[in-house]
Amino acid sequence: MSRLADYFIVIGYDHDKDRNGSSEGRIIQRFPETDWESCPFTQSIELFCRPIGWTLSAQRQPPEFFVAVLTDIDADRHYLSVLTFSESVAISPTKSDDGDSEEDSAVTIHSLMYSPKCLVLVSRLDYFETFKNCLGIIYTAYVDKLDVQLEALVGNILGCVQVPPPGGPQVRFSIGAGDRQALQPPVSGTVPSSHSATALLFQQLGIQNVLTLFCAALTDHKILFHSQSYSRLTDACQAINILQYPLKYSYVYVPILPAPLYEVLNTPTPFIAGVHSSLADDTADLVDVIVVDLDGGSVHIPECVNLPTLPEPMVSRAKKALTMIDISSISTCTWSEMVMNADLLMADYAFPPPSPKKPPSLEQKDKEIRAIFIRFFAELLTGYRSCLTVIRIHPEPFITFHKANFLGHRGMVDAEFVVRVLEGMGFGTFVAERGNPYRACDIFDEVYANIHDQLTVESADPDKFMEHIKDLAKQLHTNESPNPQPYVQKVPKPTEGAYNRIHQTPFPILDSENVHKILREGIEKQNINKIPLRPHQVRIVPMGTPITALVDRQRIVDNNARRLEVLRNCINFVFDNKISDARIIFPAVLRALKSRVARLALTQELSYHIRSNRAVLEHQQFDLVVKLLNCCLQNDSSMDENGVAAAILPLATTFYRRLCTGIIQFAYTCVQEHAVWQNMQFWEAAFYLDVQKQIQQLYAPHFEENHVGDKRDSFQSSPTHKNSELNVSKNCNGQSVTQEKRSSYRAREMGALEIAAEQLRTWPTLSEEKKAEMISNEESTVYSQAIHYANRMVYMRVPLETQKTMKALSPDWESTSNSNIASSLADSESIDAESGYDEMEICDVGASVIKFVTRFVDKVCNDSRVTQEHIKSLHQMIPGVVAMHIETLEAVNRESKRLPPIQKPKILKPTLLPGEEVVIDGLRVYLLPDGREEGLGGNMGGPTLLPAEGAISLTNYRIIFKGTPCDPLACEQIVIRSFPISTLTKEKLVKLQYTPHIDQLPKEGLQLRACIFQLMKIAFDEEVSPDDVEAFRKLSTKYRSPTTVFMTFAFAGQAVTQPSAMLKPIEKNASLKNFAKKTIMRTARKAGIAKQKAPKRKYVLPTPPMSRRSMSPRSSAGSDSESDRPASEALDDLSIIDEGEFGRSWLSDPKVIEKLMERPGYQDYIRQGFGDPSDGTARGKSTEQFRVSTINSNFSVSKSYPALLVVPANFPDDSIRKFARTHRQYRFPVVTWRHPRTKALLLRASGFHGRGLMGMLKSDPTTGTSTGEISATLHQERYFSCIVSATPNSTKSYKPSYSDSLTSLDSLMLSGVQDILPETPEVVRRSHPATGSLRNINNPKSSSFSRIGSIREKPRGNSNSATLDHLSPALHQNGGVHDRADLLHTSVQGLKRVALYVLGEKTQMKGIKVESFPKCDFIPVDFFEVRHVKASFKKLMRACVPSAPLTQETGFLKLVEESEWLLQVQNIMQLAGATVDLLDVQGSSVMICLEDGWDCTTQVVSVSQLLLDPYYRTIEGFKCLVEKEWLSFGHRFTHRSNQTVANQASGFAPMFLQFLDVVHQIHHQFPLSFEFNQFFLRFIAYHYVSNRFRTFMMDNEYERVEAGWLMDDRRSSKINHDQSDLDGGFVPRYQQSSQGLSIWDYIEKHHRKSTVFMNFLYSPTDQDSVLRPYSNLSNLRIWDFYLTEDLAHGPAYEIETTNKEIQISEEEKTDSSGQPLLRKMVNGCYDNVSIQLPNVFRQMLLELHKLETDLGHFQQKWKTVWDRLELPTGQRETIHRNFSFNTQIVKSHGRSIHKRSTLEILVKGKMLGEAAKMFSQPHRFEKYTYTTPAYCDYCGQVLWGLLKTGMHCTDCGYNCHEKCLSHVPKNCTKLKLVPDSSNSSANVSRSSDTSTLKSEELPVDTGPTYATYTPTTTNTEQSCLHKGYLYKRGALLKGWKQRWFVLDATKHQLRYYDSEEDTNCKGFIELFDVQSVQPIRNVQGAPKKSDENAFFELKTNRRIYNFLAADSKTAQTWIDRIHSFI
């Protein structure tokens, strides 16, 4: 019996603490006044009585009742029943002491106010309705003045009403007010009472929301309810709690949380809480809390919360049951939310049944809902009692749950919901309370026992489904209301409206003595009249369905019968020593072991052979058994959910082999490399299982029926005496899973839970001596098993080679450092004097094992209640066991290495190239599979080629692996993987896991990654010594990074003669030829050594002597915007050259010029008609506008430019030398191509100097600052004028090549907004879903300029730029095409048809004076810098050649998208396409000026020429293009490809590979337009980094001149080195034994012999001369060069080795007669499909060649035969006529796409106002600490973490993650337009106020024109960061003058005006030029009475400004604001 209530409390408003109508609660009275011993009084109850605060009210509120819940320190819940009513209070408003007025208060104070008063009952029982009645009677007696004493009512409630425990009788009572009340305890105390709470929750939220909350509560998430009603909050929290039955919620539970305790919600622990809806707005700060709106019926789940899905089929069955229940009276069905109800099932009935007259009650539906959820848990936990493990029975049972066993048998290892439920505290409490096998049972135990049978019945008869649910609902109803006869209660209630009486006296003060007197009398009476109670019926808990019965064993046996038979035969062969037979079927056994059943069967078969005394094995037997055990452990997880590791544990400590006399090796030394042995939970579960078996044997009756087996001593530490633990066929509770087939009888075995239940039943009847004996026996059993497992753990944890570190064997929490180990040993008290071993004798491995085992012993022994003496003895024993075992393993390890090695496959010799030498002969390795699926069989099909066993060789050119697959079914094939050593980009050590087909795999391997998309993951064989491995790594690094390029294979490998001269020491009296090193060469020349003629000399370029040294500054940031870029290998400065190094002018030697002009790049100038410098009349011709200049013949202008350049004929060389300084690296604009029809020019140059073009001349000592600037500027303007005059477009019009309406720039602009394109064929239809071009044209609401924007600014998920519609809401204010047309008209007013377009960088275009360059337009463009290409290439390699298998989250296509490689390819194609249109359609010249002019500029110029000129699409023309644009114009191949050790730090930058990828994309779209095929491109892509050829070496032509092989003839082998007539050249700087081989000679040689590079589809006559490829991402493809590999012969680009390997392979594949097989099996990853596929043209040419040979005719070259073929002209005309219309449509669409792209680039550079802001206005991000949670404006995720930091735009407030920074679009909204339209047109033209600008101010006349400062406009107010009056000292000794200064955040300017009202800007200072700003003192000439500390100085590039503020604080504010910009 227990009290109904513990305390009665009266709480009122504390008027003493009143503050403007709000105060605190005050306890007026409490009864009893002293605390109960069993229930102390809870503090802070007044907070829960008024959760939103104690405030006065102007109106009397009706009485309210709710129940709050408090939890004490013992986790016991106390229920606060609160009844609140109002009392009148007379108040005279007065002003408070601190001066606050009434207006500042929370409530309005009147003369008559009402204060709240609360009557509270505190109880540990949850009879809410009874509490409500009792408090209501007290309030009724008070308000209606009933004739009863309030003291008597309170005393009776506290002392006279006693409640029986659950299962007791109904109690009827009265508290003395004429009331009759009844109180019925539930039948079972473990089943909660809900009344109608759960049904009410479904009514408020609906089914899906409740299931979501149910899942969140079970998976330990935070849940917060909010509602206007406190009672609803309590009911909702109670409902969620009840739905979790039989689990109990163990975390924070506060259904009503007071507002002052709101911070509790920030706790990191889970909770279920409720707050009033007035606090709902504050929930936005809770980023990881699920917020539930009970009143609105909504559930908000934050993005950072990931809820697992409820498991099937349980959730489907629950939803079905909820559907079949009539929820129409519960849930509110809306169209927006799919709520299942009975109406839904009958919606389609033609004749629906009539609705019941009386709908079911809410309480009835509540019980049916609860029945569904109870069945859900019973089904979810089916079989859980089979996984309970009994550890101790006496004195108290200790039972654990084997989670892994349960998940494995139920197949729920990957079910996240189930795993999290089992790991929660609720389930831990469930096991502790319900694991006891002998206790009182409740409803859940009954449902659990019958659920499996019920589901079986329901599957046969679905009608039983609802019947079972209704039966369970009745049981729940009976549990709450067991009395069938209802008792009519009588509860007095107050008169209606009584609370609103005007004259109501306050609640009286109760007589304390009277209350306590009644309380004592009631307690005494209850002690005398005790009600007899029935004890709870205790019984054995039903086991339910065993977990093993849930699996269809017959089906498993049928599916695995054949596998098990093969497995048994293999094991029998092994133990019968038939090793050859076992090896034959061994691969099939390894595949079979992927099945769980096969793995368990293996352990059983092996245990049978142990019992047959076959534990001693031969060496080969031992190896096979170990391999089987390793395979089992590899295929199983570290959780050991199938019990395989637990079954292997005794086997591994039993099987052994004899190494020599007295030394044996157990199998556990070979199976330690698995994660399961590091899992502490596995060891605990295995230990508990074995303890349970011992407990069974301890209590099992000793007669044959219950005989368990032979008792053996299993407590010894020797691993050879463990036979008693081989009973692996038992499940967790000891019941038999599969009986031994060879047993002589079928034993019946009592389960462990049955034994425990019987022992608990008989325990009270035993004597104390017997009890003590049982307790001692159980404790000794656990202790002995702990000793045994400590030994086992030592065996499995100490490695065979104890010197190795324990990184692979130690869990993550362990450390291997000596200091940590020493401290851990000291803390664990594991080593003391009694152990016999000193601490210093224990190695690192031993210390780690001791720590691990000690932790295990402490955990299991303390949980199992082992005595402290035994635990201490274990701690003392462990170090000794470890030390002894380490000592034993040293001998085992020593003897195991002396075993004869197992016969291994023969090492295959690799096929080498001519001149290739082996540096390190074959090291035996395993080639392991990486992340690529090819070659692994499996899903990709084909043989299992990897892993492969072979040898890796290092040559002076390549790293080569050659071997055979480990899979016996594929071991006849040869696997080759190789790559050039120069392509090695990364080498690292990797951890290796067990791999099938490999017996002993080392812990670490080597991973080699090459930039040609090759990856080798190798594991060295045990026979390879660590010294050999280290030598391999060092030599590979040496050959990868040579000192100079002349040490590469291209030079050193071509002629194997004596070492190069550059490697020899300098000999005395040697000729100049022997001075190979450049430093010695330069020193000799500068010292005046006579120049000696070398007997053998290459052609070089003599240069005229110069009297001075031309200096050229370098870019401060480096050529690729990398500050740490190293210098070039062969020169120190690319733009500085000592002109005195060359003695003669080449003009005096026409033979040198003639020889130089034979180079392919210079031959192209002659082809285009630019003239020949050797022709003396070239300059005299007035008709020729261009000439080939020799100004750079001595490389004095620019080192990185070629010797001969095309410049305007009428522009002198001296002027060129002067204005070249305006470009970076002195790379001034030169002509590289001329359009044959429009005569438009394509020019290339580097970017303009960032310091205003002329700033870098200040340091030139030869010229003055001002005169140098003016001179260079004038020469530059003249040069541009010459280019413009040479462009026909500048003076006259031309006739286009085709007639259409899109030939002019105006039509280009109109084509974007008019629907003029016809329908397109299939090729076009494929493209427009991605581009959206046609769709946007047909859609009047979409902008036609949707693709305008920076490629780098795009979000990753969208291949196109953001549309204007999305970027600017202002564009849609009026909506319609006219507004967009107006925007377009306004934006492109300055976009005119000019003669020269200069495409450059945005940062370098701002300082250009456009008026100085008539008929020129400067267009800033977006492009990807080198650093972007580097980062993108790394990501692309990881995507195409991953080192580990890709997961679903990181799929291949997702990784390729994240690399942004295709976006960069698209960007190059778009820029080249714009260039093509401007040259071909517009007829204007184009100049490309990007970066240093040798990376992106080269890409765009090369692709443009390829698209424009068909000549470059031939093999000869492509060679000419690469020679001219890439080699002659100085692309830094050595630097970008990291060819030498000096360039390694810069990182690999594949600019040339990206160009080849673009060519591949164009080739794919126009396969008939190229003479060469795709293999040609892949061949160049492979060899441009292979260092096999000299072609792509050196950084520029100057270095190749110094190397001596630039003038080399095309056929270098035929050069006569003794030509005496060419001795006039200067002496080569480098001399070596071989000049190397040119790739073009190699290609030409093979092209003459074979068709390997020929594209047979090439048809130049049928194609247009100008190509316009699609550049949208849907038309781009991933190059197969990145993805394919050929394991049969290695990369196919080594043609010699590939042909030889194919020849050897074909010779081996012959039939029985010796003839080659006619049928071939081609595997995609093994064979090269392009080589193996038959080609009809190649086959016919070979057949023709064979016929000529047979007939004895002269063999013609295949190219001659091919060129003589005639095309069928008649048929061709027919085809052309039939398809001409569609072809015209395709061409028209292609042209329109290109022109639109061109217009986008032009308009984006010229866009004004709002559009410019959207495209090119960057954010100004700074790191920002968020005090409240925010969201990323880019990805939408939460900006919240431990530090709560992110990136914040200081201009527009844009927030984003730091990782999203690179993807954020540059659309800062801080830029504003002047709304006046009249000013817009004025701003388009040049401002007329430029004359007022001072010398330090820049004109605002180019690019986007922004609004001037207008003080009255709100737009400018937003852009103004700071403003105010300052005194400014004028220049040239002028005085101080006060100005109004504005710091503009948009334009980054400091502007000043005459006054604040002035609208005309008097001048501005560019903040870009500001170098520093700092305070100054002692300023001369300062105004009088000025503050000395108010001066500050602003220093720019041009001058120094002095300012004076009003005071020092204002000055510091200005300094801080300006500092934020610089």
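Since the model is a prediction, treat every value here as computed from it, not as a measurement. (Residues numbered from 1 in each chain as written. Predicted model: local features only at pLDDT ≥ 70, side-chain atom pairs only at ≥ 80, totals over all residues. Heavy atoms only, no water.)

(A) Up close: the packing of helix α5 (residues 207-218) against helix α9 (residues 362-380). Between α5 and α9, whose axes approach to 14 Å, the crossing angle comes to 45°. Comparing their axes, α9 and α5 come out oblique. Crossing of α5 over α9 shows right-handed handedness. Touching Leu-211, Phe-214 and Leu-218 of α5 are Phe-373, Phe-376 and Phe-377, all from α9. (Axes fitted to C-alpha atoms, helices over the stretch in contact; angles between N-to-C directions. Helix = DSSP H or I, 4+ residues; strand = E, 2+ residues; numbered from the N terminus. Parallel < 35°, antiparallel > 145°, perpendicular 65-115°, else oblique. Left-handed = near helix turned anticlockwise from the far one by under 90°. Contact = heavy atoms within 4.5 Å.)

(B) Representation of the pairing of strand β29 (residues 1014-1020). Within β29, seven of the seven residues are buried, which leaves the element mostly enclosed by the surrounding structure. Of the two faces of β29, the one holding Gln-1014, Met-1016, Ile-1018 and Phe-1020 and the one holding Leu-1015, Lys-1017 and Ala-1019 are both buried throughout. Pairing analysis gives four bridges linking strand β23 (residues 918-928) to β29, with the strands arranged antiparallel. Following the sheet pairing, Leu-927 is matched in β29 by Ile-1018. Bridge count for strand β28 (residues 1004-1010) against β29 is five bridges, and the pairing is antiparallel. Of the residues in β29, the one forming a bridge with Ala-1010 is Gln-1014. Taking the residues between adjacent antiparallel strands as the criterion, β28 and β29 are bridged by three residues, where Phe-1013 takes a positive phi near 65°. (Buried < 20%, exposed > 50% of the residue type's maximum accessible area, 1.4 Å probe, protein only. Pairing = 2+ DSSP bridges.)

(C) Structural context of the sheet that holds strand β4 (residues 25-31). The strand order β4-β2-β8-β7-β6 describes an open sheet built from five strands, whose pairing is antiparallel. Of all the strands in the sheet, the pair left with one neighbour each is β4 and β6 (64-71). Put simply, the sheet's adjacent strands are angled 25° from each other on average, direction ignored. As paired strands, β6 and strand β7 (residues 77-90) are joined by eight bridges and run antiparallel to one another. Each residue of the ladder has a partner; that of Val-69, found in β7, is Tyr-79. Helix-sheet contacts for helix α3 (residues 150-160) involve β2 (7-13), β4 and β8 (112-123), and the interaxial angle to β2 is about 135°.

(D) Quick peek at the pattern of salt bridges. This structure, assessed with the given rule, holds 62 salt bridges. A salt bridge links Asp-1164 to Arg-1167; its shortest N-O distance comes to 2.8 Å. Of the two residues, Asp-1164 and Arg-1167 both sit in helix α31 (residues 1160-1167), three residues apart, roughly one turn of that helix. Under the relative-accessibility criterion, Arg-1167 is labelled partly exposed at 36%. In this structure, a network of salt bridges that share partners links the residues Asp-1164, Arg-1167, Arg-1244, Asp-1509, Lys-1524 and Glu-1525. (Salt bridge = Lys/Arg side-chain N within 4 Å of Asp/Glu carboxyl O.)

(E) Expanded view of the packing of aromatic side chains. Applying the stated criterion across every chain yields a total of 93 aromatic pairs. Taking 6.0 Å as the distance between ring centres and 40° as the angle between the ring planes, the aromatic pair formed by Trp-677 and Trp-683 counts as tilted. The same class applies to Trp-677 and to Trp-683, which are both buried. Where Trp-1526 meets Phe-1555, the ring centres are 5.2 Å apart and the plane angle is 45°; that geometry is what we call tilted. Separated by 29 residues along the polypeptide, Trp-1526 in helix α44 (residues 1515-1528) and Phe-1555 in helix α46 (residues 1551-1565) bring together distant segments of the chain. Under the relative-accessibility criterion, Phe-1555 is labelled buried at 0%. Positioned over the ring face of Tyr-253 is Arg-77, at 4.1 Å from the centre of the ring. (Phe/Tyr/Trp six-rings, centres within 6.5 Å; stacked < 30°, edge-to-face > 60°. Lys NZ or Arg CZ within 6 Å of the ring centre and 35° of its normal.)

(F) Layout of the nonpolar core. Formed by 253 residues in total, the largest nonpolar core has its most connected members in Phe-8, Ile-45, Val-120, Phe-225 and Trp-683. For this core, the element with the highest residue contribution is helix α23 (residues 768-797), accounting for 11 residues. In contact with Trp-683, not counting residues within four places along its chain, are Leu-649, Val-676, Trp-677, Tyr-789, Arg-792, Met-793, Met-796, Phe-852 and Phe-856. Counting residues in each nonpolar core, the second largest holds 121 residues, with Val-1441, Leu-1462, Tyr-1512 and Phe-1575 among its members. (Core = buried A, V, L, I, M, F, W, Y, C linked by side-chain atoms within 4.5 Å.)

(G) A look at the sheet that holds strand β37 (residues 1821-1825). Pairing in this open sheet of three strands is antiparallel, and the strands run β37-β40-β41 from one edge to the other. Two strands in the sheet have a free side with no partner beyond their single neighbour: β37 and β41 (1855-1856). Summarising the sheet, β37 and strand β40 (residues 1845-1849) pair through five bridges and their orientation is antiparallel. Residue pairing in the sheet places Thr-1825 in a bridge with Thr-1845 of β40.

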